[in-house]
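Residue-level listing of the chains:
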Amino acid sequence: MSIAQFFRILWARRWIILATTLSCFVAAVLVARSFPPRYQASSRVMLNMFKPDPVTGEAISSGFSRAYVKTQGELIRDYRISGRVVDDLGWMADPALQAAYARRDPSDTRDFRRWLAQRVSDNTSTGLVDASNILEIQFVSNSPEQSARIADTVRQAYVDQALSFKRDDAANNADWFRKQASRIRAELTAAEARKTAFERSNGIVLAENDTDTDSTRLNALASSSPAPAAAQIAAAQATVSPQLEQANAAIANAEKVLGPNNPELLAMKRQRQAILSTVASAQRSAPAVAAAGPSITNLYSAQQAKVLAQRGKVAEAQQLSADVRVLRDQYAKTSARAAELQQQGQSDETGLELLGSAVVPTSAEFPKWPLVIFGSLGLGFALGLLASLVVELLGRRVRSSEDLGFRDVPLLGVMGKAKSGARGGRGGNFLARLLPFRRTATEGGY
């Protein structure tokens, strides 16, 4: 089928196309007018998902933002929030809604509050504004003022419920940590009692660094034990020998340029005498130190034997002390976490920020008359084309010579209506029609 044949069929069936287009247009207009107009209002809230919590310091990573937004959308349509909206709007006492509930399907067994909450959920939708973390809560109603008011009510109920969830979760966790802290405290008290009883029964006292007093005393004797006299004298000489050489060299240089009674030369000589006195004092104290050495050495040996004898008991006491230290650290951390969760449960921070009230819509969301008009006309025209082709195929007619173009069958001639006023009258028209017939017949071999 060529394009010319297609348009001939459409022109022949133009009344079918026109009737179908007008029918679809009228039906669409009547259907659209039969439904009440519906208005959509939007109320926005910003999700501070990347802002750390002021108490815990936690923030939602960008990888979970899509799942987080989807979860919040389902939460907004949950019965807890829609039921709270019903209570805030006072719909339970509305006589018109009570009458509508009485006319419901008998198979509907929902109570009145859940029935109203379902109406709120069905007309509520959520979405994230493109390239932002702003959540848009949309509500559709027959009244523009009511749609804006309910959208703000849904948003406020969502914020209140999010805060309630956060506080309840923090309170439950804080209660669990408090119970754990109480249990650890009881274990800590028992461990401290075991440690004290063991130390009392074995005569062992541990310091803050888990060192017993006998070991501390042994370390003190080891640090105070005197060195041999010869070693002390050698150490003293090694210390003052460079100083004495420097003093002698300075005095020798000064005597070349200064007089014997010069104050600077006299000061240098006094400094050299002080150094010599230090060496002499070390030499005089060496015998006394050597005499006192054996008594300190005996004390050190006795204390060392005592420490070695109690090494096993000291190790057990240190293990008990380590248990106490671990339990004390666990108790401190658990108590701190319980206090942190308790503080979090008292916080008003929800991670949600309101962005102003919903604006009353000025145009209806449904019906959209441009879409209804042009959509119905386009659909009617398409249906008309389809109906025209179907009718043509069911009752095919010859509308031009192209419709007789069969394979291997020649076309002998074409007869048409005579044009009025043509030169030659009817005879001329007859000859004009006969010539193609004769030429076609000659070409066909007749």
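All values reported here derive from a predicted model rather than from experimental measurement.

A. Structural detail: the overall build of the chain. If you tally the helices and strands in the chain, you get 13 helices and 4 strands. When each of the 446 residues of the chain is scored for burial, the buried share is 29%. Contacts in the chain between residues far apart in sequence, at least 24 positions, make up 76% of those at least 6 positions apart. When the accessible area of the chain is evaluated, it comes to approximately 28700 Å², of which 57% is carbon and sulfur surface.

B. How the structure looks around the packing of aromatic side chains. One pass over the structure, following the stated rule, counts 4 aromatic pairs. A ring pair is formed by tyrosine 101 and phenylalanine 112, whose centres lie 5.0 Å apart and whose planes are at 50°; its orientation type is tilted. Separated by 11 residues along the polypeptide, tyrosine 101 in helix H5 (residues 95–102) and phenylalanine 112 in helix H6 (residues 112–122) bring together distant segments of the chain. An identical accessibility class is assigned to tyrosine 101 and phenylalanine 112; each is buried. Centre to centre, the rings of phenylalanine 112 and tryptophan 115 are 6.3 Å apart; their planes meet at 20°, and the pair counts as stacked. Taken together, the positions of phenylalanine 112 and tryptophan 115, both in helix H6 and 3 residues apart, correspond to about one turn of that helix. On the accessibility criterion, phenylalanine 112 (13% relative accessible area) is buried.

C. The confidence of the model for the chain, seen in detail. Of all residues in the chain, 71% have pLDDT values of 70 or greater, and the mean over the chain is 77. Below pLDDT 50 for its whole length, residues 422–446 participates in 15 contacts with residues either more than four positions away or in separate chains.

D. The arrangement of the layout of surface pockets in detail. The space that makes up the second largest pocket amounts to roughly 260 Å³. Taken together, 14 residues make up the lining of the second largest pocket; nearest its centre are Trp91, Arg119, Asn123, Ser141 and Gln146. Every element with two or more residues in the lining of the second largest pocket is listed here: H5, strand E3 (134–141) and helix H7 (144–202). When its residues are assigned to classes, the lining of the second largest pocket shows 7 nonpolar, 4 polar and 3 charged.

E. Seen up close, the nonpolar core. Ranked by size, the top nonpolar core spans 31 residues in total, and within it Trp91 and Tyr158 carry the most contacts. Apart from residues lying up to four places away in sequence, tryptophan 91 is in contact with Val86, Leu97, Phe112, Leu116, Val120, Gln146 and Ile150. Counting residues in hydrophobic clusters, the runner-up holds 6 residues, among them Phe198, Ile204, Leu206 and Val314.

What counts and what doesn't
Residues numbered from 1 in each chain as written. Predicted model: local features only at pLDDT ≥ 70, side-chain atom pairs only at ≥ 80, totals over all residues. Heavy atoms only, no water. Helix = DSSP H or I, 4+ residues; strand = E, 2+ residues; numbered from the N terminus. Buried < 20%, exposed > 50% of the residue type's maximum accessible area, 1.4 Å probe, protein only. Contact = heavy atoms within 4.5 Å. Areas by Shrake-Rupley, 256 points an atom, 1.4 Å probe, with all protein chains shown as cover. Phe/Tyr/Trp six-rings, centres within 6.5 Å; stacked < 30°, edge-to-face > 60°. pLDDT = per-residue confidence, 0-100. 1 Å grid on protein atoms, 1.4 Å probe; cavity = no way out; pocket = protein on both sides within 12 Å on 5 of 7 lines; lining within 4 Å. Points joined across faces, edges and corners; volume = space filled by probe spheres on them. Nonpolar A, V, L, I, M, F, W, Y, C, P; charged D, E, K, R; others polar. Core = buried A, V, L, I, M, F, W, Y, C linked by side-chain atoms within 4.5 Å.

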